[in-house]
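# Fold and contact review
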Amino acid sequence: MTDIHAQLAKAVGDTNLFAGDAIEDRYRTDLSGILRAEPGFVVRPRTVQEVAAILRAANAEGIAVTTQGGRTGTVKGAVPDKGAIVLSLERMSAIEELDPLSMTITVEAGATLQAVHEAAEAAGFLLPLDLGSRGSATVGGVISTNAGGLRAVRWGVARDMVLGLEAVLADGRIVTGLKKTLKDNAGYDWKHLMIGSEGTLGVVTRATLRLRPIPRTTMTALIATDGFDKVVALLRDLDIDLGGQLSSFEVMWQDFYQMITEANRAKRAPPMPASYPFYVLIEAMGGDPVGDPARFEAALAAAIERGQASDVVIAQSGRERDALWAVREDLMEPMRKLWPMFAFDVSVALGDMAATAERAITAIRGEYPNALILTYGHAGDGNLHFVVGVGDGSPAAEHRVDLAVYSAVAQAGGSISAEHGVGLTKRDYLGFSRTPDEIALMRILKAALDPGNILNPGKILPPSSSLQ
Ligand code: LAC
Ligand code: ZN
């Protein structure tokens, strides 16, 4: 037994330490689906003290540690290096405290988003952060990527819901700051360094999250429009007309709508024809069961009146609501057609979104005339998704498509990652949306917090020998 093996065994016990062939495949990959990792060890701690012991040992021996949550990331951020230690937080999944007076919930990082939703709802509260992979994504994972998802237009991203954090530093020091208030200006707000750092600056072990009272009403509609300028106007006018209740504003390009409704036709009839250039799925949530639906209908009638909406379907039941959301979320079947595919989560200012999408799509088709491209996004957040299939999953093809998309994004001064993070997949493009000085500052932070470079090394920042 090597020294590190013995130290890890001492930290978590033999039953929660796996090495070599005893490592299950699920620890080797993420949603990007490329089975390539050969970690040296998997450890499954139960307590923050065990996490600290693991990091102390790894730091002393100079062995890389990749922390894993639900492994539903898409950028290889949770894919370990050869020989590295996988630190899986799956056994640290307790819902520790729900404080109904302060409207907060404190959980361990391995709890799934869905488990937190359910605990909050049982007590009459909503954790607004919601995304398609809610059943597998963990609190630690959504914090490490600063996930956004479907309701950011109203309640913000993960960063806006984290009030307090506990994290373990590279040297094993446990830093606990589980505050329950929004306002805390007592010096540097270190938790924001951890949020979105993809396991490169520390290991998040606990979080205190801000809850909201659960809304009494949910209104959902699908809207067709005949131009992106109408989409933009619709967002602005609905925000006002719905009195601040607009909680989702999801835009789908015609190709997306066609492909999804066609692929799922056996399961459900399309809610409206596929003949419109753009579709917007909106949801509003409020507190007045009588007034809210009436206001919602009036706002949509006004949108039709103004020519912003060409067609509208309003969900009349929970079942109809699910069917409308399925148009946006039931992507499994259509995505099979695109496989092997490349997925993007860029952001640009809303005013630049249509032109950026067009530029990226034109550039992709310039390389691959028959490319299948799904274009959609969380328009209210400036967040645009492309899923691209060119019939070739090779690194060379991926690079060509990446360049097409990221060049368009850079031209608009946007970001190469709106919500999924950088991981390994995008690190060579960091310079497309960050200046050399911004990247230099990131390196200073990384060196200060992880001088031995053991925390998820190689993720986010390209190796320092490269030009960026
Ligand atoms: C979505 C994921 C891909 O919004 O972020 O569908
Ligand atoms: Zn998304």
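Refer to the structure printed above.
Sequence order as written defines residue numbering, which begins from 1 separately in each chain. Whichever chain is written first becomes A and whichever ligand is written first becomes 1, with later ones labelled in order. The predicted nature of this model means local features are confined to residues of pLDDT at least 70 and side-chain atom pairs, given and counted, to a pLDDT of 80 or more, with totals for whole chains, interfaces and linings taken over all residues. With hydrogens and water excluded, all non-hydrogen atoms of the structure serve as input to the side-chain values.

### As for the packing of helix 13 (residues 353–367) against helix 14 (residues 395–411)
Axes here refer to lines fitted to C-alpha atoms; in helices the fit is confined to the stretch in contact. Angles between the N-to-C directions go from 0 to 180 degrees. Secondary structure is summarised from DSSP: a helix means a run of H or I of at least four residues, a strand means a run of E of at least two, and numbering begins at the N terminus for each. As a packed pair, helix 13 and helix 14 sit with axes 8 Å apart at the nearest point and diverge in direction by 155°. With respect to their mutual orientation, helix 13 and helix 14 come out roughly antiparallel. At the point where helix 13 passes helix 14, the crossing takes the right-handed sense. Residues T356, R359, A360, A363, I364 and E367 of helix 13 form the contact with helix 14, whose participating residues are R400, V401, A404, V405, A408, V409 and Q411. Roughly parallel covers angles under 35 degrees, roughly antiparallel covers those over 145, roughly perpendicular covers 65 to 115, and oblique covers all other angles. Crossings are sorted by hand: turned counterclockwise from the far helix by less than a right angle, the near helix makes the crossing left-handed, and turned clockwise it makes it right-handed. For this analysis, residues touch if any pair of their heavy atoms sits within 4.5 Å.

### What about the sheet that holds strand 8 (residues 162–168)?
Here, any two strands with at least 2 DSSP bridges between them count as paired. One open sheet accounts for 5 strands, arranged 5-6-10-8-9; its pairing is antiparallel. Of all strands in the sheet, those bounded by a partner on one side alone are strand 5 (95–99) and strand 9 (174–177). Going across the sheet, the axis of each strand differs from the next one's by a mean of 10°, ignoring polarity. Bridge analysis of strand 8 against strand 10 (residues 203–210) gives 6 bridges, and the strand direction is antiparallel. Residue pairing across strands places E166 opposite R206, the latter belonging to strand 10.

### Side note on the coordination of the zinc ion (ligand 2)
Water is not part of the atom set, so a site may look incomplete; the donors themselves are N, O and S atoms within 2.8 Å of the metal, or 3.2 Å for Na, K and Ca. Coordination of the zinc ion (ligand 2) by the protein is provided by H378 (NE2), H385 (NE2) and E419 (OE), with metal-donor distances spanning 1.8 to 2.2 Å. Written as a sequence motif, the donor residues of the zinc ion (ligand 2) are H-x6-H-x33-E. Separated by 34 residues along the polypeptide, H385 in strand 18 (residues 383–389) and E419 in the loop between helix 14 and helix 15 (436–449) bring together distant segments of the chain. Neither residue differs from the other here; H385 and E419 are each classed as buried. Between buried and exposed lies partly exposed: a residue is buried under 20% and exposed over 50% of the maximum accessible area for its type, with that area taken using a 1.4 Å probe on protein chains only.

### Some remarks on the site of ligand 1
The immediate surroundings of ligand 1 are formed by R328, Y376, H378, H385, E419 and H420. A 3.5 Å cut-off defines polar contacts: any pair of N or O atoms within that distance qualifies, except that in protein one atom must be a possible hydrogen donor and the other a possible acceptor, and neighbouring residues in sequence count only when both atoms are side-chain atoms. Y376 is positioned with one of its side-chain polar atoms (N or O) 3.5 Å from an oxygen atom of ligand 1. A distance of 3.0 Å is found between an oxygen atom of ligand 1 and a side-chain nitrogen or oxygen belonging to H378. Each residue is assigned to one of three groups, with Ala, Val, Leu, Ile, Met, Phe, Trp, Tyr, Cys and Pro labelled nonpolar, Asp, Glu, Lys and Arg labelled charged, and all others, Gly among them, labelled polar. Broken down by class, the residue content of the shell around ligand 1 amounts to 1 nonpolar, 3 polar and 2 charged. Consider each residue's heavy atoms; a residue with any of them within 4 Å of a molecule or strand counts as near.

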